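Letter by letter, the chains look like this.
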Amino acid sequence: MVTDEEEALLASDAPEIGGCGGSALCHPGKRGHRLLLLGVMCLLGFGNYYCYDQPAALESEIIDVSGVTTAQFELLYALYSYPNVILSVFGGFLIDRVTGLRWGAVLFASIITVGHAIFAFGAQINSFLTMEIGRFVFGLGGENLAVVQNAYAVSWFKDKELNMAFGLQLSIARLGSTVNMLSSERAYFAGLKMGFTRPQSIGFSLWIGAAFCAMSLGAAFLLWHYDKRRTRLLKLPEHGSGEQVRVRDVKDFPLSLWLIFFICVAYYVSIFPFISLGTVFFQDKYDISSGEAHLVDSLVYLISLGGAFVFGIVVDKVGRNLLFVNIAIVFTIVSHGLLAFTFVTPYAGQILMGTAYSLLACALWPMVAMVMKEHQLGTAYGIMQAIQNLGLAVVAYAAGVLVDKSGYLLLECFFLAWLCLALFCGMVLYVVDSARGGNLNLSVAERDARKLAAEQKATISIDGIAPVLSDQKLSRPVDLMSSQDSNSSSVSGSTDDVRNRLLNRDAPVHG
């Protein structure tokens, strides 16, 4: 029951909450507002994902106009990934210690906008070297922006629909990839119809991507404003306050975290390099048109549009993250096997791959937050992105060389070997996590029970007030405001704590 004093405190905050009387959309402590800001977080990564695969959508055109080999074309992906082998770690550390999430998002969104603009300009003047420089600059910001996006999601949704948040972010990000796959080549042909030369038409298509990057920059500024507002109204500590991450902390990262990193790189190197070469593969093997090949190639992203969001909700309700990760790896092995060794319609393999990819993404990335402290998440996600990009850089170039020299069958066997390594790491992670009493494969009910037991163990008396116990179970804590009339200056009965408790009381746990 809300007391008169509590009602007065809420009323006093109403003008600060946008003048909307604490409605669900304006109130930073309620689900409606969090979901609204989740939409902005999704837009933060949209431009990055739209532009990342623009070279794949225009593969034939870029190779023909620039006169490069497949291996040289794959350098456009390697040059994106190489700088992130180091910079993702540095960027995560920079976010944790220097810029914070807000300015980090603005900085890295600005970099991807400039980088893709250089890439588009290089295509327009038919300078492959300039295009390579643009992709390098674009890469300086792209993966670090993903680190910021992940850290934002954890900050706003930890213990509150985190898997769903990661799933929706992936869905919207892959919407960007899908829109790119379905529209970039059409924009190229539209440029030809408007009288542009072939290089100018490629540039025209790429400038559209630069506009989407600018939209992501706008989302970064919106997040800056609303995250600062949330911190002020809920009186939360600023990002980066409290415990500070140190470089030497990396050596103390648990084995389970490193196994998550290895699963990440071994899995994703079988997905993204394949998609970057998939259009030509489907044309050659299945004798289909360029338009249909683009559609088949984009199925992985199309399925993830809704699939990642749905699977995120399922994992939030069920738990068992590690089990879902291993299931997804097995499904992906089957999908690559179908594409490599059979002539079954390519739609079957791609649909299965898209389903598995959606499931893995929303189950794998939140596991980092389950094994790491929040003040180290930027660095942890940065290292994860760095290892992933090292793998992608090496594998992307190796994939191009394999296609040039040996064809696509050997390439598929190469991808299958990586997936088998991912599955092995997943099984080892299960053993390690179980032996150390971890919670990566617990159900939601088991995690809640463990959390409750930990809270009961950690509960101590404050100013002589003990927790109320009934039938040997922890009951609801005594209302300190009503029980401490004689000590209104106590910590638990302070005005700020009452306000914080009221503002957050409607925030659900696990959906």
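Throughout, residues of each chain are indexed from 1 in the direction in which the sequence is written. At least 70 in pLDDT is required for a residue's local features to be given in this predicted model, at least 80 for side-chain atom pairs to be given and counted, and no such filter applies to totals for whole chains, interfaces and linings, which use all residues. Only hydrogens and water are set aside when side-chain values are computed; all heavy atoms of the structure are taken into account.

Caption draft 1: Seen up close, the packing of aromatic side chains. Only the six-membered ring of Trp is used, alongside the rings of Phe and Tyr, when aromatic pairs are assigned; centres must lie within 6.5 Å, and planes under 30 degrees apart are stacked while those over 60 apart are edge-to-face, with the rest tilted. For the coordinates displayed, the defined rule picks out 27 aromatic pairs. Between Phe274 and Phe282, the ring centres sit 6.0 Å apart and the planes meet at 90°, which makes this aromatic pair edge-to-face. The burial state of Phe274 is the same as that of Phe282; both residues are buried. Connected via pairs of aromatic rings, a cluster forms that spans Tyr52, Phe73, Tyr77, Tyr80, Phe138, Tyr267, Tyr268, Phe272, Tyr357 and Trp365. A cation sits over an aromatic face here: Arg135 above Tyr77, 5.1 Å from the ring centre. Whether a charge lies above a ring is judged from NZ of Lys or CZ of Arg, which has to be within 6 Å of the ring centre and within 35 degrees of the ring normal. Its guanidinium or amino end placed over the ring of Phe343, Lys285 lies 4.9 Å from that ring's centre, counting from NZ or CZ. Residue exposure (1.4 Å probe, protein chains only): buried if accessible area is under 20% of the type maximum, exposed if over 50%, otherwise partly exposed.

Caption draft 2: Structural view of the nonpolar core. Counting residues in hydrophobic clusters, the biggest one holds 123 residues, and the most contacted among them are Tyr268, Leu364 and Tyr381. With sequence-adjacent residues up to four places away left out, Tyr268 is seen in contact with Pro273, Tyr357, Leu360, Ala361, Leu364, Trp365, Gln388 and Leu392. Among buried residues, those of type Ala, Val, Leu, Ile, Met, Phe, Trp, Tyr and Cys that are joined through side-chain atoms within 4.5 Å constitute a nonpolar core. Whether two residues are in contact is decided by their heavy atoms, any of which lying within 4.5 Å being enough.

Caption draft 3: Just the side chain of Asn321, in detail. By the criteria applied, helices consist of DSSP H or I runs no shorter than four residues and strands consist of E runs no shorter than two, each listed in order from the N terminus. With respect to the helices, strands and loops of the structure, Asn321 is situated in helix 14 (residues 321-341). Here Asn321 falls in the buried class, since its relative accessible area comes to 0%. Ignoring sequence-local partners within four residues, the contact set of Asn321 consists of Asn163, Val315, Ala363, Pro366, Met367, Met370, Leu440, Asn441 and Arg447.

Caption draft 4: Inspection of helix 8 (residues 162-193) at higher detail. Here helix 8 contains 32 residues, and its C-alpha end-to-end distance of 46 Å stays within 8% of the 46 Å for a straight helix at 1.5 Å per residue. A residue's bend is simply the angle between two axes: one fitted to the seven residues ending at it, one to the seven starting at it. If you look at helix 8, its biggest bend is around 35°, right at Ser183. Positive backbone phi, at 95°, marks Gly195, one or two positions downstream of helix 8. By this rule, a helix spans an expected 1.5 Å times one less than how many residues it contains.

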